[in-house]
Amino acid sequence: ASGSGRAWGASVLYPNLGLTGSAEVQRIDERFQPALGYLAEAGVLRGQGDLGWWHRTEAGASVIPAVDWSFRRRLDGSEASLLLNPEIAYSNAAGDTVMAEVFVETDRLAGGYAPVPGTWLAPGSYRWQYLFGYLETSQARPVSAYAELRSGGYYDGRRDDQMLQLTWKPGPRWGWRVGATRNAIHLPSGDFTVRMATLRLEHTPGTRLAQSLMLQWDNVSNALGASARLRWLWAPGQELLFALDHLGYTGEQRAFQPRQTRALLKLVWNVER
C-alpha cells in the first residue's frame, strides 16, 4: 500500500434563493486507519456537488435549473468514474413537483463483474447517457401519486426503469399505498428484467396507536412477503412493539423453498431518576 496514511476532506454549502450550490471532496490514503467509526473505502479520491439557480415566483412556486456532479478515482488509477447531471425542477405552492434530468456517465472498471444474474461487464472504460424524470403530487391531497422514468444507455447496453406509486388517504386514520416497479437491463452478454409489486395499509386510530400491513412480491426470487406492525405508546417512554413477518414463494420456488414466519414482541420502559 502507498500513501502517508492520512485522510482529509472539505465541503462548502451555499443554500440560497438565487445562486445555490454545494461541493465536497475527500481523499483517503490506502494506509489510513480510522481510530473510531467505519471506513467504507480507502485509497480513493471522491467528491460530489451541485450548482443551480433557485427562482421563486410570486405565486410561491420554485423553478430550479441546476447541474449535479460526482466523481470517484482510485489513487492507483485502476478505477475512475464521473457523472454530470443537468436538470430542471418545478414545484408549486401546493407541493406538486416535476423534474427532468439528463445523465452523462463514464466508468473505468478494473475488473469484470455481473450487475445482475446472467449478464457480464468486462474490464475497461465505458461512457453512456440516459434520461430521467419524476413526477410527484402533494401528499396533502386524498389521492397522490409518484412516478419515475429512466431510459437510455447503461455501460455497453441499455437500461429502462419505470416506477409508479399511488397513495389513497380516505380519512385521517386510514391510508393505502400500491406500487409497481420494472427494471430492464439489456447487455450484449444477456438481458434481465426485475418486476416488483407492493401493497401497504396503514391505520392510525390515534396519536398513541399505529398499525400497518405490507405485502411485497418480485419475479426474481418469487418471494411473497407479508409484514405486519403494531406500535402502542400508552405513556411517554413506555411502548409496546409487535411485528409479524411471513415469507412464502410463488411459481416453481414453492416446491423447494420452505415458508418462514417470525414474530417479535418488544416492550420499552424508560425509567428516570
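The coordinates are above.
The following paragraphs examine the structure supplied in this document. (Residues numbered from 1 in each chain as written. Predicted model: local features only at pLDDT ≥ 70, side-chain atom pairs only at ≥ 80, totals over all residues. Heavy atoms only, no water.)

**Observations concerning the nonpolar core**
By size, the foremost hydrophobic cluster in this structure holds 19 residues, and its most contacted members are L121, Y126 and Y155. Broken down by secondary-structure element, the contributors of at least two residues to this core are β5 (80–91), β6 (97–109), β7 (124–136), β8 (143–154) and β10 (174–187). The element contributing the most residues to this core is β7, with five residues. In contact with Y155, other than residues within four places in its own chain, are D107, L109, Y113, L121, Y126, R127 and W128. (Core = buried A, V, L, I, M, F, W, Y, C linked by side-chain atoms within 4.5 Å. Buried < 20%, exposed > 50% of the residue type's maximum accessible area, 1.4 Å probe, protein only. Helix = DSSP H or I, 4+ residues; strand = E, 2+ residues; numbered from the N terminus. Contact = heavy atoms within 4.5 Å.)

**A short note on the side chain of D161**
Following the sequence through the fold, D161 ends up in strand β9 (residues 157–168). A polar atom in the side chain of D161 sits 2.9 Å from the side chain of R159. Within the structure, the side chain of D161 is placed 3.2 Å from the side chain of N183, a separation counted as a polar contact. (Polar contact = N/O pair within 3.5 Å; in protein donor to acceptor, adjacent residues only side chain to side chain.)

**Things to note about unusual backbone geometry**
Phi angles above zero are rare outside glycine, and Y155 is one such case at about 55°. Taking the relative accessible area as the measure of exposure, Y155 reaches 11% and is therefore buried. Here the phi dihedral of N222 falls at roughly 55°; this positive angle occurs in a residue that is not glycine.

**Section: a nonpolar patch on the surface**
Where nonpolar side chains cluster on the molecular surface, the patch consists of V143, L164, L166, W168, W176, V178, L199, L213 and L215 and spans about 760 Å² of accessible area. Elements with a contribution of two residues or more to the nonpolar patch: β9, β10 and β12 (209–218). Among the elements that line the nonpolar patch, the one with the most residues is β9, at three residues. As for its position among the elements, L215 is in strand β12. Note on L215: relative accessible area 34%, which makes it partly exposed. (Patch = residues over 30% accessible without salt bridge, like charges linked within 9 Å, V, L, I, M, F, W, Y side chains within 5 Å. Areas by Shrake-Rupley, 256 points an atom, 1.4 Å probe, with all protein chains shown as cover. Salt bridge = Lys/Arg side-chain N within 4 Å of Asp/Glu carboxyl O.)

**Focus on the pairing of β6**
Of the two faces of β6, the one holding T97, M99, E101, F103, E105, D107 and L109 is buried and the one holding V98, A100, V102, V104, T106 and R108 is not buried anywhere. Sheet topology note: the β5/β6 ladder contains 10 bridges and is antiparallel. Across the sheet, the residue bridging to L84 is V104, located in β6. The turn linking β5 back onto β6 is made up of five residues, and G95 within it adopts a positive phi angle of 105°. In terms of strand pairing, β6 meets β7 through 13 bridges, oriented antiparallel. Of the residues in β7, the one forming a bridge with M99 is Y134. (Pairing = 2+ DSSP bridges.)

**Things to note about the packing of aromatic side chains**
Under the criterion given, the structure shown has 10 aromatic pairs. Judged by centre distance (5.0 Å) and plane angle (85°), the rings of Y154 and Y155 are edge-to-face. The same class applies to Y154 as to Y155, namely buried. (Phe/Tyr/Trp six-rings, centres within 6.5 Å; stacked < 30°, edge-to-face > 60°.)

**Some details on the environment of E252**
As for its position among the elements, E252 is in the loop between β14 (238–249) and β15 (260–269). Put simply, E252 and N222 are 30 residues apart on the chain and 8.3 Å apart in space, counted from C-alpha to C-alpha.

**Focus: the pattern of salt bridges**
Tallied over the entire structure, the rule returns 13 salt bridges. With a shortest N-O distance of 2.5 Å, R141 and D96 are connected by a salt bridge. Here D96 lies in the loop between β5 and β6 and R141 lies in the loop between β7 and β8, a separation of 45 residues in the sequence. Close ionic contact of R229 with D245 constitutes a salt bridge, the shortest N to O distance being 2.9 Å.

**A few points about the side chain of N85**
Tracing the backbone through its elements, the reader meets N85 in strand β5. Within the structure, N85 has its side chain in polar contact with the side chain of E101 (distance 3.4 Å). Of the polar contacts made by the side chain of N85, one reaches the backbone oxygen of V102; its length is 3.2 Å. In this view, N85 contacts A66, V67, D68, E101, V102 and F103; residues no more than four positions away in its chain are not counted.

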